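One letter stands for each residue in the lines below.
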Amino acid sequence: MPSDLENAMLSLMAIFHKYSEKEGSKGSLSNSELKDLFKGELGCFLKNQKDEKAVDKIMADLDHNGDGTVDFQEFAILVISLTIACHEQFQKSFQVTIMLSQLESAMDAIIQVFYKYSGKEGNKYILTKGELKDLLSGELISFLKSQKDPNCVDDIMRDLDVNSDGKVDFQEFIHLVTVLTIACNDFFIDLLKKQGKM
């Protein structure tokens with residue numbers, strides 16, 4: 001059974017593929033598909049935008065390879081950037097019962113996973129090495145079991161800890177989620193097909 005973090009990652013992929021299947025390529029979002037995704041999943045964002053071309057600007061910024069579409073990697077970067085920007089707001093939203101879209105729920109779940117494990121050894125805004133190990137073993141069980149390197153957690157900690165303070169903050173953690181989600185996209189697509197969700 002998938003963990004909360006794995007379910008959030010699965011949701012990100014399912015949402016992307018739900019909207020990318022409407023036109024042309026199933027592996028990318030056209031401008032109109034991206035607008036539909038924003039309307040369906042991030043309606044509050046669009047409602048608060050005074051600039052009607054906001055989605056077009058986001059599309060242009062995301063489309064790193066210039067093909068006029070947003071692929072899964074570009075979409076994941078958008079979602080993770082929004083998650084970082086909104087994580088304090090989601091903390092407040094979690095305490096107030098509001099209806100979240102599937103995408104907002106996935107973003108909220110990622111945030112909740114971080115805070116579920118952080119702070120046990122002090123600061124709730126960072127993960128220590130022990131807390132990171134607990135998170136990985138609690139949320140990414142299959143990933144840890146498949147690792148043959150006994151120093152796997154140390155290596156992950158070193159890679160994530162970009163400011164070399166021996167701790168992982170939310171932005172550093174979200175980098176791990178982004179990389180894993182992008183890397184596992186094909187695996188999760190197969191899983192979603194087996195579950196009849198795609």
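Anyway, here's the lowdown on the structure attached to this text. Predicted, not measured: the structure shown is a model, and the values here were computed from it.

Our next topic: the packing of helix α6 (residues 102–117) against helix α7 (residues 129–139). For any two helices packed against each other, the geometry comes down to the angle between their axes and how far apart the axes lie. Running from N to C, α6 and α7 point in directions that differ by 130 degrees, and their axes come no closer than 9 Å. Relative to α7, α6 is oriented oblique. Crossing hand, α6 versus α7: right-handed. On α7, the residues touching Val-113, Phe-114, Lys-116 and Tyr-117 of α6 are Glu-131, Asp-134, Leu-135, Gly-138 and Glu-139. Here the contact of α6 with α7 is built from residues that sort into four nonpolar, one polar and four charged.

Looking now at the side chain of Thr-69. Relative to the assigned elements, Thr-69 resides in the loop between α4 (54–62) and β2 (70–71). Setting aside anything within four residues of it in sequence, one finds Thr-69 in contact with Ser-28, Leu-29, Ser-30, Met-59, Asp-63 and Glu-74.

Now for the packing of aromatic side chains. Overall, the coordinates contain eight aromatic pairs when judged by the stated rule. Aromatic side chains Phe-72 and Phe-75 sit 6.1 Å apart centroid to centroid with 50 degrees between the ring planes, which places their arrangement in the tilted category. Remark: Phe-75 and Phe-72 occur in helix α5 (residues 72–95); sequence separation between them is three residues, near one turn of the helix. Here the two residues Phe-72 and Phe-75 agree in accessibility, since each one is buried. Consider the rings of Phe-114 and Phe-170, whose centres lie 5.3 Å apart with planes at 90 degrees: the pair is edge-to-face.

Each value, and the rule that gives it
Per chain, residues are indexed from 1 in the order of the written sequence. The model is predicted, so local features are restricted to residues of pLDDT at least 70 and side-chain atom pairs to those at 80 or more, both for listing and for counting; the totals for chains, interfaces and linings are taken over all residues. Side-chain numbers here rest on the full set of heavy atoms in the structure, without hydrogens or water. In this description, a line fitted to the C-alpha atoms serves as the axis of each element, helices being fitted only across the stretch in contact, and the angle between N-to-C directions of two axes falls anywhere from 0 to 180 degrees. The helix and strand labels rest on DSSP assignments: H or I over at least four residues marks a helix, E over at least two residues marks a strand, and numbering proceeds from the N terminus. Should an angle lie under 35 degrees it is considered roughly parallel, over 145 roughly antiparallel, and from 65 to 115 roughly perpendicular; all remaining angles are considered oblique. The hand of a helix crossing depends on one turn: near helix anticlockwise from the far one by less than a right angle means left-handed, and clockwise means right-handed. Residue contacts are defined here by distance: any two heavy atoms, one from each residue, within 4.5 Å place the two residues in contact. Gly falls in the polar group here, along with every residue not listed as nonpolar (Ala, Val, Leu, Ile, Met, Phe, Trp, Tyr, Cys, Pro) or charged (Asp, Glu, Lys, Arg). Pairs were defined over the aromatic rings of Phe, Tyr and Trp, the Trp ring being its six-membered one, requiring ring centres within 6.5 Å. Orientation was assigned from the angle between planes: stacked under 30 degrees, edge-to-face over 60, tilted for the rest. Each residue's exposure class comes from its accessible area (1.4 Å probe, protein chains only) as a fraction of the maximum for that residue type: buried when under 20%, exposed when over 50%, partly exposed otherwise.

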